[in-house]
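Per-entry structural report
Listed below are the residues making up each chain.
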Amino acid sequence: MLFRPLLIVAAAAAVSAFSPSSSIKSSVIKKNRHQHIIPLRLSNDNPAEWDEERRSNVFQALLRDLQIEGVPLLGCDSNQVQTLNAALWTTMAELGDQDDEQRACLILEEIPTSALLAFAEDFTVLKTQTRLMDHLPELKRFSISVLGRGVGPALLIETEKRTEEEIAAAAANRATERTFDQTKTINALKSFIDRVVVNLEACPYTKSVDISAVGLESRGVTPGPVGYRFSATTDACMTMSVFWNCICEMTGEPEENLSSIMLSLPGIGHGDSPEAHARFAAVVEIVGRYLCSYRGDASFGLVHFHPAYDRSIISPVDYASYGHLPPMSWLRAMLKMGGHQEEAESFSDDELALSNYQRRAPHTAINILRMSQVSKAAGPKSIVDLDLGNGRVEKASGITLYSRNAIRMVKTGKDALQSALDADIAMQS
């Protein structure tokens, strides 16, 4: 394990062309998306209340209509949450990479239709959330629906045509992606880990940049390698694809072969501007959102990093946020509970803000941890009631660790911390 949380590998799910059970002669199938088709109309009743034969017949008819229109039908053998998301976001990334409008139907026969309906509904809700969508412009092009309101296990994914402005932005993003060097990027991240995690002991169970979960053998945890993964993408959908492929990889490997993953994403929120930080925060929020929506947070923990990491502008500012440091407004109470009354009273707000340097890596990165290891490291009584004053009490964990790290960051000093971070960033050039 590298921190306490609160290359794309081969996707575990195979995606291939799909044909409806009632075949259509090839001479009828057209690739012209503008061909006029009289759509099959569904009644207003709920498909979930239909008998199986009726649902199957309507589902096959809808698929045939799409096939005639030239919409690719993609069969996917996914049967688990992680492979579903890997296949879905990879398909979205591929469609979104095209300038023209695109349509594809992803057929997931092993996934409950209820899970697909939940995804489509949440994605629709996401698009209404201006706070996030202002920094996720590529997602605005997408529309996702369950075919026939859930008559069968298929998602219809559609994108709008890019505007001239969007085409220019996409070209600029591709140019940015070509500037990142995988070896230099990962070496810079390892320098940060060695400096902050190992030498400043931000995590007591990491003694080197290559092995994590050291010192937990008595609690049943076997130390194992840290997997360093890299993607130069600037795209939110491809970031989700890469992330879920990492989840698939960790699911398929025992902890002694792969203890945790450090995923480098230098193209997400590149730089240290307020705009770059807002982009980083939005992308990692949807990463955590979809992991938690499928209860993946019970198996995996996330820790987020950015060169300008600032917990005071991470939403929600005064409440716990998955994958992030505790709110800055909690630190004094945590110091007091940890037995550091003097520091809690004497540290200025600026000094407490130096805790952000725990997460100020040379580029955006996500540490993916196994919650089985995190739970054993924390112990059974790690979650406590934290008194924030004025009658407010919140559940909190990591009191000892976050208090100790806050003190160490203050003792190291801002100049030394920033100078070392600048050196790490320079390694990527």
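This text follows the structure it describes.
Read on for a plain summary of the structure. Just so it is clear, the structure is predicted and the values come from calculations on it, not from any experiment.

What counts, and at which threshold
Residues numbered from 1 in each chain as written. Predicted model: local features only at pLDDT ≥ 70, side-chain atom pairs only at ≥ 80, totals over all residues. Heavy atoms only, no water. Helix = DSSP H or I, 4+ residues; strand = E, 2+ residues; numbered from the N terminus. Buried < 20%, exposed > 50% of the residue type's maximum accessible area, 1.4 Å probe, protein only. Areas by Shrake-Rupley, 256 points an atom, 1.4 Å probe, with all protein chains shown as cover. Core = buried A, V, L, I, M, F, W, Y, C linked by side-chain atoms within 4.5 Å. Contact = heavy atoms within 4.5 Å. Pairing = 2+ DSSP bridges. Axes fitted to C-alpha atoms, helices over the stretch in contact; angles between N-to-C directions. Salt bridge = Lys/Arg side-chain N within 4 Å of Asp/Glu carboxyl O. Phe/Tyr/Trp six-rings, centres within 6.5 Å; stacked < 30°, edge-to-face > 60°. Expected span 1.5 Å × (residues − 1). Disulfide = S-S within 2.5 Å. Lys, Arg positive; Asp, Glu negative; His and termini not counted. Polar contact = N/O pair within 3.5 Å; in protein donor to acceptor, adjacent residues only side chain to side chain. Parallel < 35°, antiparallel > 145°, perpendicular 65-115°, else oblique. Left-handed = near helix turned anticlockwise from the far one by under 90°. Nonpolar A, V, L, I, M, F, W, Y, C, P; charged D, E, K, R; others polar.

Turning next to the overall build of the protein. Counting secondary structure elements, the protein contains 14 helices and 12 strands. For the protein, buried positions account for 51% of its 429 residues. When the accessible surface of the protein is totalled, it reaches about 19,400 Å², and 50% of it is carbon and sulfur.

A few words now on the nonpolar core. Met 92, Phe 123 and Ile 368 are the most contacted members of the largest nonpolar core, which has 75 residues in total. Broken down by element, the residue count for this core peaks at 10 residues, all from helix H7 (residues 236-252). Those residues in contact with Met 92 that sit more than four places away from it in its chain are Phe 119, Phe 123, Phe 142, Ile 144, Ile 157 and Cys 237.

So, about the sheet that holds strand S6 (residues 211-212). Pairing is mixed in the open sheet, where five strands are placed in the order S6-S7-S8-S10-S9. Either end of the sheet is taken by a strand with one partner, and the two such strands are S6 and strand S9 (300-305). In terms of strand pairing, S9 meets strand S10 (residues 365-370) through six bridges, oriented antiparallel. When the bridges of S10 are listed, His 304 appears paired with Ile 366. Against the sheet, helix H6 (residues 182-199) touches strand S7 (224-230), strand S8 (260-264), S9 and S10, its axis set at about 135 degrees to S7. On top of the sheet, helix H8 (residues 274-293) reaches S9 and S10; it is set at about 180 degrees to S9, its chief contact.

A few words now on the pairing of strand S5 (residues 154-159). Here S5 lies mainly inside the structure; five of its six residues are buried. Here strand S3 (residues 102-107) pairs with S5 via six bridges, running antiparallel. Note on S5: the bridge partner recorded for Ala 104 is Ile 157. Bridge count for strand S4 (residues 142-146) against S5 is five bridges, and the pairing is antiparallel. Residue pairing for S5: Ser 143 is matched across the bridge by Glu 158.

Moving on to the pattern of salt bridges. What the rule picks out here adds up to 13 salt bridges. Across the salt bridge formed by Arg 162 and Asp 99, the nearest N and O atoms sit 2.7 Å from each other. You can see Arg 162 sitting in the loop between S5 and helix H5 (164-177) and its partner Asp 99 sitting in the loop between helix H2 (81-96) and S3, a full 63 residues away along the chain. Using a relative accessible area of 14% as the deciding quantity, one classes Arg 162 as buried. As a salt-bridge pair, Arg 289 and Asp 122 come within 3.0 Å of each other at their nearest N and O atoms. One end of the pair, Arg 289, is in helix H8; the other, Asp 122, is in helix H3 (residues 113-126), and 167 residues separate them in sequence. Using a relative accessible area of 24% as the deciding quantity, one classes Asp 122 as partly exposed. Because the salt bridges share partners, they merge into one network encompassing Glu 69, Arg 103 and Glu 158.

What follows deals with the packing of aromatic side chains. Within this structure, the stated rule accounts for seven aromatic pairs. Ring centres of Phe 119 and Tyr 290 lie 5.3 Å apart, and the angle between their planes is 40 degrees; this geometry places the pair in the tilted category. One end of the pair, Phe 119, is in helix H3; the other, Tyr 290, is in helix H8, with 171 residues separating them in the sequence. When sorted by exposure, Phe 119 lands in the same class as Tyr 290, which is buried. The interplanar angle of 75 degrees and the centroid separation of 5.8 Å between the aromatic rings of Phe 192 and Phe 305 together place this pair among those described as edge-to-face.

To continue, consider the pairing of strand S12 (residues 392-396). The sheet contact formed by strand S11 (residues 384-389) and S12 spans five bridges and is antiparallel. Bridge pairing in S12 places Leu 386 opposite Glu 394. Counted along the chain from S11 to the antiparallel partner S12, the turn is two residues long, and its residue Asn 390 has a positive phi close to 55 degrees.

The next thing to look at is H8. Along an α-helix, a turn takes 3.6 residues, which lines up residues three or four apart on a common side. Given a rise of 1.5 Å per residue, 20 residues ought to cover 28 Å, and the 28 Å separating the end C-alpha atoms of H8 matches this to within 8%. Across the 20 residues that make up H8, a large majority, 14, are buried. The first or second residue beyond H8 is Arg 295, which carries a positive phi of 60 degrees.

Turning next to the state of the cysteines. This model, assessed by the stated rule, comprises zero disulfides. Take Cys 246: it sits in no disulfide, and the sulfur closest to it among the cysteines is that of Cys 248, at 9.2 Å.

A few words now on the side chain of Arg 141. Along the chain, Arg 141 falls in the loop between helix H4 (130-133) and S4. Despite its burial, Arg 141 pairs with no opposite charge, the nearest such side chain being Glu 166 at 4.7 Å. A polar contact is formed between the side chain of Arg 141 and the backbone oxygen of Glu 160, at a distance of 2.7 Å.

Packed helix pairs are characterised by how far apart their axes lie and by the angle those axes make with each other. For the pair H2 and H7, the least separation of the axes is 8 Å and the interaxial angle reads 155 degrees. Between H2 and H7, the angle falls in the class roughly antiparallel. Between H2 and H7 lies a crossing of left-handed hand. Seen from H2, the contacting residues are Val 81, Gln 82, Thr 83, Asn 85, Ala 86, Trp 89, Thr 90, Met 92 and Ala 93; seen from H7, they are Cys 237, Met 238, Met 240, Ser 241, Trp 244, Asn 245, Ile 247, Cys 248 and Thr 251. Of the residues assigned to the contact of H2 with H7, the class counts are 11 nonpolar, seven polar and no charged.

Turning our attention to unusual backbone geometry. Going from Ser 315 to Pro 316, the amide bond is cis rather than trans, its omega being -5 degrees. Inspection of the secondary structure puts Pro 316 in the loop between S9 and helix H9 (331-337). Phi at Arg 149 takes a positive value of approximately 55 degrees, unusual for a residue other than glycine. Tracing the chain through its elements places Arg 149 in the loop between S4 and S5. Within the chain, Ala 213 stands out as a residue other than glycine whose phi angle is a positive 65 degrees.

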